[in-house]
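# A look at the structure
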Amino acid sequence: MKTYRCAVIGNPIAHSQSPALHEQFAREAGISLIYDKILSPLEDFETIVRDFFAKSPDTRPIHCGLNITLPFKVRAYQLAEQHTDHAQHAGAVNTFYLNAKHQLVGDNTDGIGLCRALMQHGYSLKNKRVLLLGAGGAARGALYPLLQAGVRELSLSNRTLSKAQQLIKPYQSQFPITLLTPEDFSTSAPFDFIINATSAGLHDETFTLPTPLIHRQTYCYDMIYGKPTAFLHWAAQHHLPHHDGYSMLVAQARESFARWFGSSSF
Ligand code: NDP
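Now for a description of the structure that goes with this document. (Residues numbered from 1 in each chain as written. Predicted model: local features only at pLDDT ≥ 70, side-chain atom pairs only at ≥ 80, totals over all residues. Heavy atoms only, no water.)

## Re the pattern of salt bridges
Taken as a whole and judged by the stated rule, the model has eight salt bridges. K73 is the salt-bridge partner of D110, the closest N and O atoms lying 2.8 Å from each other. With a gap of 37 residues between them, D110 in helix 5 (residues 110–120) and K73 in helix 3 (residues 73–79) connect regions that are remote in the sequence. The exposure class of D110 is buried, given its relative accessible area of 12%. The network of salt bridges with shared partners includes D107, R116, E255 and R259. (Salt bridge = Lys/Arg side-chain N within 4 Å of Asp/Glu carboxyl O. Helix = DSSP H or I, 4+ residues; strand = E, 2+ residues; numbered from the N terminus. Buried < 20%, exposed > 50% of the residue type's maximum accessible area, 1.4 Å probe, protein only.)

This is how it looks when you write it as structure tokens:
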């Protein structure tokens, strides 16, 4: 039986749950996998990635895939020799593998993981009004998959409005995407989904949005996981269905695993 080697690379990396997730997927798929955590010094990221794949495909175990986490996702995008559509739109890479020509392919499974997670919770995005909070890397990765999922309207809101404006620009001519400013809050129709892609929950203790933005079934999703955030507390106070980002973490990892070993492994 062939043994494969994959890893997640970041700085810091000790907290990463990727090894446990991928080892579980490998067990389910009957694949022999060693999955490491690589702590990369900031200046060595590109060298470590190149060295990792230089060992493939002749060494055993076969070095076949890398996950990339903070703070290297944009540098990973720059390092990739080929980009998938999702990576191109996100401008960031969380998954590396080699193509048949041995070129380094950069993919991004964060946004598709989010959409899959929402589906697994029983929610379809089709024809729905969605409010996405944030304009950082996570929001950027989520935009294109959300638009592709057939939402009726996607509104983006961010503390720094200019960043949100910049993010929606390339999509405005093709998709129903708008900027939602605080001045729009009182006049906007309610949303079916509110997705929090800000890191505010890591430190903020309070969160509020005006009630005209919600209806009784507005589904709230916080990308942060493993911590009760102010956003989820606010959703609970308003008796809105809600989940934290753990399901997205698992789903994006599953998508990466499928890139390396084929979706038929599931
Ligand atoms: P970035 O640092 O790139 O972006 C942070 C975003 O949060 C910006 O839009 C920033 O606004 C906003 N923000 C930060 N603090 C506040 C605040 N106090 N009030 C309002 N807005 C605030 O981070 P990422 O986009 O990479 O990650 C965002 C979150 O998503 C992180 O907590 C991360 O853990 C989580 N995440 C979860 C994943 C999962 O699989 N579940 C995957 C990826 C990310 P501004 O532009 O004004 O600074």
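## Thoughts on the nonpolar core
Core analysis: the largest hydrophobic core is formed by 31 residues, its most contacted members being L114, L132, L146, L154 and I195. Listing elements by their share of this core, those giving two or more residues are helix 5, strand 7 (129–133), helix 6 (137–148), strand 8 (153–157), helix 7 (161–168), strand 10 (191–196), strand 11 (214–222) and helix 9 (246–261). Element by element, the count of residues in this core is highest for helix 6, at six residues. In this structure, L114 is in contact with A142, L146, I195, Y221, M223 and M248, ignoring residues within four places of it in sequence. (Core = buried A, V, L, I, M, F, W, Y, C linked by side-chain atoms within 4.5 Å. Contact = heavy atoms within 4.5 Å.)

## Things to note about the site of the ligand
A138, N158, T160, K163 and M223 are the nearest of the 22 residues found near the ligand. Residue A135 places a main-chain N or O atom 2.9 Å away from an oxygen atom belonging to the ligand. K163 is positioned with one of its side-chain polar atoms (N or O) 2.7 Å from an oxygen atom of the ligand. About the coverage of the ligand: the protein hides 76% of its 930 Å² of free accessible area. Going through the elements one at a time, helix 6 and helix 9 are the ones with two or more residues in the shell around the ligand. Here the residues of the shell around the ligand are counted per class, giving 10 nonpolar, nine polar and three charged. (Near = heavy atom within 4 Å. Polar contact = N/O pair within 3.5 Å; in protein donor to acceptor, adjacent residues only side chain to side chain. Areas by Shrake-Rupley, 256 points an atom, 1.4 Å probe, with all protein chains shown as cover. Nonpolar A, V, L, I, M, F, W, Y, C, P; charged D, E, K, R; others polar.)

## Considering the packing of aromatic side chains
Each aromatic ring pair is characterised by the separation of its centres together with the angle its planes make. Applying the stated rule across the entire model yields 16 aromatic pairs. A ring pair is formed by F207 and F231, whose centres lie 5.0 Å apart and whose planes are at 80 degrees; its orientation type is edge-to-face. A residue pair is termed long-range when its members are at least 10 positions apart, and F207 in the loop between strand 10 and strand 11 and F231 in helix 8 (residues 230–237) qualify at 24 residues. Following the ring pairs from residue to residue traces out a cluster consisting of Y4, F25, F257 and F261. (Phe/Tyr/Trp six-rings, centres within 6.5 Å; stacked < 30°, edge-to-face > 60°.)

## What about the sheet that holds strand 12 (residues 242–243)?
Hydrogen bonds between backbone atoms are what pair the strands of a sheet, whose relative direction is either parallel or antiparallel. Read across the sheet, six strands follow the order 9-8-7-10-11-12 without closing on themselves; strand pairing throughout is parallel. Each end of this open sheet is capped by a strand with a single partner; those strands are strand 9 (177–179) and strand 12. Inspection of the sheet shows strand 8 paired to strand 9 by three bridges, in the parallel sense. Bridged to L156 within strand 9 is L179. (Pairing = 2+ DSSP bridges.)

## Some words on helix 2 (residues 45–54)
Inspection of helix 2 places F45, V49, F52 and F53 among the buried residues, and these make up the whole buried set. The arc that holds the buried residues of helix 2, viewed along the axis, is 85 degrees, so those residues lie on one side. For helix 2, exposure combined with an orientation more than 90 degrees from the buried face picks out R50 and A54. Those residues of helix 2 that are buried lie in contact with strand 1 (3–10), strand 2 (32–39), strand 3 (62–68), helix 3, strand 5 (95–98) and strand 6 (104–107). (Arc of directions from axis to C-beta.)

## Topic: unusual backbone geometry
N11 connects to P12 through a cis peptide bond whose omega is 5 degrees. Summarising the element assignment, P12 is placed in the loop between strand 1 and helix 1 (18–29). A cis geometry characterises the amide bond from L70 onward to P71, with omega recorded as 0 degrees. Its location among the elements puts P71 in the loop between strand 3 and helix 3. In the Ramachandran plot, N127 falls in the positive-phi region, its phi being about 65 degrees despite a non-glycine side chain. Residue position: N127 is located in the loop between helix 5 and strand 7.

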